[in-house]
Every structure is written in structure tokens, then in C-alpha cells.
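# Fold and geometry: a report
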Amino acid sequence: MQTSIAATQTTRSICCYCGVGCGVLIEHDGETILNVKGDPEHPANFGKLCSKGSSLHLTGDLSARALYPELRLGKGLARARTDWDSALDHAANQFAATIAEHGPDSVAFYVSGQLLTEDYYAFNKLARALVGTNNIDSNSRLCMSSAVTGYTRSLGADAPPCSYEDIEQSDCVMIVGSNMAYAHPVLFRRLEEAKAKRPQMQIIVIDPRRTDTCELADLHLAIQPGTDVALFHGILHILMWEGWLDRSFIEQHTEGFDSLKTLVRDFTPQMVAELCGINVVDLQTCAHWIGTTPSFLSLWCQGLNQSSAGSAKNSALINLHLATGQIGRAGSGPFSLTGQANAMGGRETGSLAHLLPGHRVVANAEHRREIADYWGVEQLPGSTGLTAVELFEAVGDGRIKALWIACTNPAQSMPDQNKIHQALALCPFVVLQEAFSTTETCHYADLLLPASSWGEKEGTLTNSERRISHVQAAVTAPGEARPDWSITLDFARRLEQRLRPALPSLFAFDSPQALFDEYKGLTAQRDLDISGLSYSILDQQGPQQWPFRADLQSGTSRLYADAQFPTASGRAQFVADPYRAPAEKRDARFTLSLNTGRLRDQWHGMSRTGTAARLFGHVEEALLSLHPDEMRRRRLLDGQLVSVKSRRGSLVLPVQSDDSVRSGHAYLPMHWGNRFLKGLGTNVLTSPVFDPLSKQPELKHASVEVSKVDLPWQLFALVEGDVQNRLSALRPLLEGFAYASLGLAGRERPALLIRAAAASAPDSQLLAQIDQLLGLDEGPIMAYDDPRKAVGKRVRIEEGRITAIRLAGETAARDWLKSLWSEGRADEELRRWLLAPLTTPPGNSGASAGSKILCSCINVSQEAICAGISRGLDLNGLKQELGCGSQCGSCVPEIKRLLATQVAQAPVQL
Ligand code: SF4
């Protein structure tokens, strides 16, 4: 759809973040994206968007974009702008020479769940058919490969059987290892609405943390991290004991139940409750609900997948569905929540090292032959390629000599970041195809190729419910950025001239549609058959769920209704894997279990969300969460700086008391890399140990230790305007501090926020450099310096309001100053304070600036909401009076939690 109202046009698209795959209407003028709205006709979201999706138009800061190809001609040199022909010829020469000298397995491709299906397909053909390597893996290895293995082992194919409408139709929904309220918010809205309409619907949440998702739960099992397999076996034990099984389904449609029965016999309720750290009654209630409900649906995400036992966890959960016959029926089935917007498209096109297009596998010679024949090449390589962790190990030890990274940021997202940074620094030739020039990986790119981004390219995506949508470019890409499929094909054709010059091209595609049409032929007769689908059908009939065979008029909403599974016997498989604890144990040196996860308003490594100041309102900086008992035991106070260490690395950051985290545990958001935080980010701590089958690393569990650090000299700065360029320029200067955190603030007038700390005052030269970059070295500046105490304060006031602040040595007034800045005030009180030796704020003012923004759509702070609750407002009252929660609804679970806490704490009226 492309409609025009005066100069503003509207183009239909899909949100580029999570796997819910919400339809978006982009309002634009052909060059700039002006606004976004939820697409009321898209069946994933029916017009709703979450806080991230509804801010997409605010993420277009061109200063964060890669605009031109840049080439570095030698390690240690700076990259210089070049043209596309020179860039791609250079890349083709480097790859051809490396392949000639060291063989095809000396190069690798590391791609992304953010790519479109056509992009993936081009990369797969390039790697497997032209280069002759299976070294092509995707960042989906970090989020969904355990689900791929789970579905394939248990059901025969990587095919989530359910639809979103099953969430609304189910009588019992179990959410496992997913803070769905933050990670898949629009789907969570659908669940909230279903529960409001049918309060008898039972909702179970299984998560070591009491997340906002638990606000909807009738039962929350806060299990010990990594004990999911024991829990599922324990539930099955009770189902067997109580006779809550579907024996006829087991007999007619499954295999392997006897071995599983023998295994789970030992998982008695008492043993499981003790191992999982839950009480027996809750375990029995959970099993009772699952065993007796008319329809049972399970939803899961990284809590199961990012584990050294991820495959076992997935299959143990699917076992429960098979044992109760809860699959292939309305409101029933195992349903993984896909992490990224088009991770599913990657799985379909074979973009994991062990896969081939059309849900085929490298290990199967027949599958290789089918693809080789279809592509018209002699053969495909038979050895399984390197998966993400293995791939970067091979980069580090020199086996991979040329690496092509597309649309992903391994220097932030991979575990054990010290090793990743070392590997990237050593790799002889790194190509980065990327829309953003600001990601941590850009630092290592010898060749940076600017890619089009969301709203700028055409292609298809598949969401969590197998629904394929066709998106078209709304605006032209900035600078010389090109669509990923076009960059990949252009490179492939140049490499082809060097590797097989006499043969017809494998890459004679002139559009994404041509790629789609070739790819869909590879799905014919497979479980994901889309041979009946085309761009024109998608445009006319709207998004469709696969399979969409040539003999069908529309897609398929639910799989396995006939209980026929795509296994050799046609039966689903019970998998009897034993319980294995997380790989890394807590011990006397590392006494805490670290869990990592998502925030509501940030996405992955923040390359896009890190450009929108509004998205920092909810959480401004990386905070380590510890249970209040743990804080007391360690004599820590809220906001104090701590060192958190794992066996692989350490970080300094503030700690916060958080009773949603169990004692003995710690929690840290996954989003921070070294652009926004000194150190190598959250993943400097995480473990590269991976599941033996899915090869997915255990990002959800590491043993860490936390200790107080004494960094009395502190810096706080806030400066309006040109935030991305200032951030890039300032970041290296902050290396001299033990702690440094950067973020954004403000809505209409975005500003860069800096916090830093050191054991003693830094060199005055460094402070002068920082002031210069902040624009605080000249002009309308008010300043007070006390060199004896190493304390100083500077404020720039323009047109009667603050536009920049820098406090050095002592930062007690930071929240007060920030509130003056956000209110546009620069009054006499400020002037008096500035010119006096005082460092603390006058009176008790300024407390409100520390209050986070809960509702980012309407800009309502937590403090304002708490004040409303104290006045007796309920959720509806808050919505009406303050507007919070009335737009995207992402803040509603948090408001409900505040309501529950404050109402519970209110004094009883006698
Ligand atoms: Fe985007 Fe939010 Fe929808 Fe996910 S739930 S696709 S992040 S709008």
C-alpha cells in the first residue's frame, strides 16, 4: 500500500525489532520518516504498537548512520571514504585470494535476524554455492537455535505450530523464561485483554525473577536458574501419577514415551521442589492446571533457549504437550516467542551453519544434492560450518582469515567479549555491512559498507506465528547506503568473476522479488511449503502464514491438527534428556548467579534505540540489580558503584536494590556494550559455554562476584544537541575513568548524559578537553572552580535556559540541575548556587529528576504515578487523569505493580 495525503504518504511496513512482527504504517514525505502508527489491518497487532515500535520514527538520526563505503588499507590506519566499485572489488580480491591460498573454509559470514528473507537467501547462495563453505551463521544462534533443535527433535521440523489467536483462545497459558511484558509487549497486550475478558483463564509464569509479566500470573514459580528440565520432568511425573495423560494420543501419535517414563520416575515432587527452590504445593498446582485444562499453551523465549541445556529444555517442555495431547488444537501447543523481527526467515532460508534452505540440513547428503541441483552447482560442501561461538574462536586462532559481518554487532552481543574483541582485532580482513556507523563492531571493520535500514528496503519477513509480510521501501536510504540483498549480490558477482569466470552467473537477480521467487521453489513439498505464495498475493491478501502450498488459497493458521508429524514415522518424539545444571557453578569466589535480559524500551545492542532520547526515559543507565538482603549483607546502598566480576571479565556500574531478583542472584540488562558504558559491556561477563546440540551459548547464566569500589571523584555532564557525534568524540576520553556511563535524555531537546567516577581527580587537561567537546569552554558559561577541593561546576545558559551542565568532583546537585534543565528554568536560585562554594542543591529541590519515566508515550514519571495512587486513583483513574498507559500500554504492567505495592503498603483505616 502506498497512499498519498497532500505531501505526506503512508507506506505499510513491519516493526524491525521483535518477532511479534507488528504491522506499521510509516508516514513520510519520500525522504524522511515523519511518524509511525500501528497498522489496524495487520493480524499480528491490529493497530497496536509498543513503546519501541511507536518510537521508530525517532530513530532516524543520520549522524549515527553509515553513509558511504569506507576502506582501511592497513591495520592501525584510519578508514577512508571510497566508492562502491573500489570497495566491492577490494573485498572480492581479498576473499578470492584468501580462498585460493587457504581454502573456502578460511572465510566466514556472520549475518543477522534483522535481515529480510531475500537478503538471507542471497548470503546463503553466496556462501554455500559460490564460496563452497558452510561457515555462515547468524546472530539467531544466540537467541533461537535451541528452539530450532527442540522443534526438530520433538516434532520433526522447525515449525512453531500455533497462531497468536491461540493465545486468546487458551484456557491455560504457561510463560517460561520470558519477560513477555518487556520483550514481546504487543502479544502480551493480547494476552492481557484475553485474561480481562475471561478471568478464569489460568496464567502460569516460570521465571527466576518476578518480572512485570508476573503481574498477570495466577501462579509464579520462581525456580532456581537453569532447573527447567527438572521442573518439566517433575510436572510430567505428577501428570503420570495422577493419570492426567492423553493415552490415546500417546499411543497413536508419538514414540519414545516408555524411556521418558523411566527417566521421570525419579523426579518426585519433593525432589523437584527442592532442586527448583519452589514449594511442592505450587508444583502440584501447576501440574494440576496443565493436566486438567481443556487447552494448554506454552510460550517461551531466552530463559529456555540461552542455556547449555537449551535443547533439552525445549524438548522437555514439548514432552508435556505430547503427553497431554495438547497440540494441534485451538488454544494449545508449544509456541516459542521469536527474538528478532525475521529470525524465522533466517531459519527458513538455512541461515544457521548446520542448515540449508527449506528446512534442510547440511548433514543430509540428499538435502545437499537437492539444493546443489536446484542451484545448478556440482555439489555443496558436506562439513558442517562453524556456529557463532566456534566461528569467533576460529577468527581468534587464525583459521578464519576473512570475515563478512552483516547487520549485527558481535562486539557487543557475543559472550566473553574480551575474546571477541581480541579475535576481531586479529582478523586479517573484516567486512561490516551495516546501517549504523556507531556500533562497537565498526571499530574493527576494514571495510564498512553502508546498508539501507528499516523503512528503506523491500522484501519479506516471517514473524513468530509463521506469518510472512511483504514490506516496501518508504524512503530512499541516506548517503550511498544500499539494500543488503543488492550489496550481497554485487559482491557475489564480482567474486564469481574471480572464482568461476567461465560459468553463467548464479546471481542474476535484479530485484528482491526475483530472489523470493527462486527461494520459494526450494520450499516446495517441504513442511514450510510457500510455493503458492507471491509478492502479489501478499499485497492483495495481506500477510500469510506458511505453509501456503500451490493448491491453497490462503495460509495455514495451525499445524498438526491431523496429528501427523514430519518425522520418519509420522509420529512426534518424546525426548528423554536428563537434567543438567548450568555449566558454571557458584563457589566461594563467585557467589552470585548472574542473569541477563531485556529492558522494555531498548533493543539488543542499542544501535537503533540508542539514537532516541525518549527510549532512555524508562532506564537511563545500566544498573546491576540485587535482592535487598544481598545489598544488606554486602553493605551496599542504592546507586553505589560496584565492581562485578566473572571468570572472564569485569565491569564497574551502579547497583540497585530490587526485590524481584532472588537472594543469591544478580540481574543486568543485556543492552550495554562499550559505546554507552566503560568496559566491554554486559557480555564481558557472560559465558561462551554452549548447548551441545543447538550450539546456543548460555547467556542467561554466569557466576559473578560483586564488591564495593571507592571512587569518590565524580563527573556529571549534560549537553544538548549533536548527541551522537558528541558521544563518539567523548567516549574515548572517558577511558581514563574507572566508571563511565553515557546515555540520552530529553524529548523535544535531546541531550547527552554522562556520568563518570575515578579514585582521584583526573588531569586538568582531560577535564578541559571534555569541556571543549561539551561546548563549556567559552560563550555564555557560568562557572565556579575550587582547585583545592578538585571541585568545579559549569552551566551554559542560552536564551534564559540551561543548555549544558558539567559538575566535577562532586555531583550531589545533578538531579536538581537536570530538573531545572528539563523544565527550561535558569532562575536566580541557580545563579546564586552556581557562584557559591556549595555543591549540594539548595533546599530539598530536585528530587523529581531522579524519577524514571514510566509512560514514555505521554511522558509520565513514576513519581507522578505514585502521587496519583496516593490520591486514591486506580488504573483507570491514572489513565484518565495522567494519560499514562492510555497509548501503547507498555507501562501498564509496571503501573499495576506500583498499584499492588502501594495499596498493600497503605495504612489500614480503623
Ligand atoms: Fe515492534 Fe513492539 Fe510489535 Fe515487537 S511488540 S514488533 S517491538 S511494536
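Residues numbered from 1 in each chain as written. Predicted model: local features only at pLDDT ≥ 70, side-chain atom pairs only at ≥ 80, totals over all residues. Heavy atoms only, no water.

A word on the packing of helix α2 (residues 117–131) against helix α20 (residues 512–521). To characterise two packed helices, one gives the angle between the axes of the helices and the distance between these axes. α20 packs onto α2 with a crossing angle of 70 degrees between their chain directions and a minimal axis gap of 9 Å. The angle between α2 and α20 falls in the class roughly perpendicular. The handedness of the crossing between α2 and α20 comes out as left-handed. Between α2 and α20, the residues in contact are T117, E118, Y121, A122 and K125 and P512, L515, F516, E518 and Y519, respectively. A class-by-class count of the residues in the contact of α2 with α20 yields six nonpolar, one polar and three charged. (Axes fitted to C-alpha atoms, helices over the stretch in contact; angles between N-to-C directions. Helix = DSSP H or I, 4+ residues; strand = E, 2+ residues; numbered from the N terminus. Parallel < 35°, antiparallel > 145°, perpendicular 65-115°, else oblique. Left-handed = near helix turned anticlockwise from the far one by under 90°. Contact = heavy atoms within 4.5 Å. Nonpolar A, V, L, I, M, F, W, Y, C, P; charged D, E, K, R; others polar.)

Moving on to the pairing of strand β4 (residues 33–38). Sheet analysis places strand β3 (residues 23–28) next to β4, joined by five bridges and oriented antiparallel. Of the residues in β4, the one forming a bridge with L25 is K37. Taken together, β3 and the strand that follows it, β4, pair antiparallel across an intervening segment of four residues, in which G30 is found at a positive phi of about 95 degrees. (Pairing = 2+ DSSP bridges.)

Now for α20. Where α20 is concerned, the buried positions are P512, L515, F516, E518, Y519 and K520. Taken together, the buried residues of α20 touch α2, α14 (343–349), α15 (365–375), β20 (459–462), α19 (484–499) and α21 (535–541). (Buried < 20%, exposed > 50% of the residue type's maximum accessible area, 1.4 Å probe, protein only.)

One pass over the structure, following the stated rule, counts 63 salt bridges. Of the charged contacts in the structure, one is a salt bridge between K195 and D218, with a shortest N-O distance of 2.8 Å. Taken as a pair, K195 in helix α6 (residues 185–197) and D218 in the loop between β10 (202–206) and β11 (219–221) lie far apart in primary sequence, 23 residues in all. Using a relative accessible area of 40% as the deciding quantity, one classes D218 as partly exposed. One salt bridge connects R647 with D587, and the closest N-O pair in it is separated by 2.7 Å. (Salt bridge = Lys/Arg side-chain N within 4 Å of Asp/Glu carboxyl O.)

With mixed pairing, the six strands of this closed barrel are ordered in space as β24-β28-β25-β27-β26-β29. The average undirected angle you get between the axes of adjacent strands in this sheet is 45 degrees. Pairing between strand β25 (residues 624–626) and strand β28 (residues 665–669): two bridges, direction antiparallel. Considered in β28, the bridge of L626 is made with A666.

Counting 119 residues, the largest nonpolar core has F109, M174, F232 and W404 as the members making the most contacts within it. For W404, the contacting residues outside a window of four places in its chain are L88, A91, F95, A108, F109, Y110, F123, V431, Q433, L449, I487 and F491. Of all hydrophobic cores here, the second largest spans 56 residues; its members include L599, V642, W672 and A740. (Core = buried A, V, L, I, M, F, W, Y, C linked by side-chain atoms within 4.5 Å.)

Turning our attention to the site of the ligand. The local shell around the ligand consists of C15, Y17, C18, G21, C22, L49, C50, K52, G53, P185 and V186. Within the shell around the ligand, the residues separate by chemical class into eight nonpolar, two polar and one charged. (Near = heavy atom within 4 Å.)

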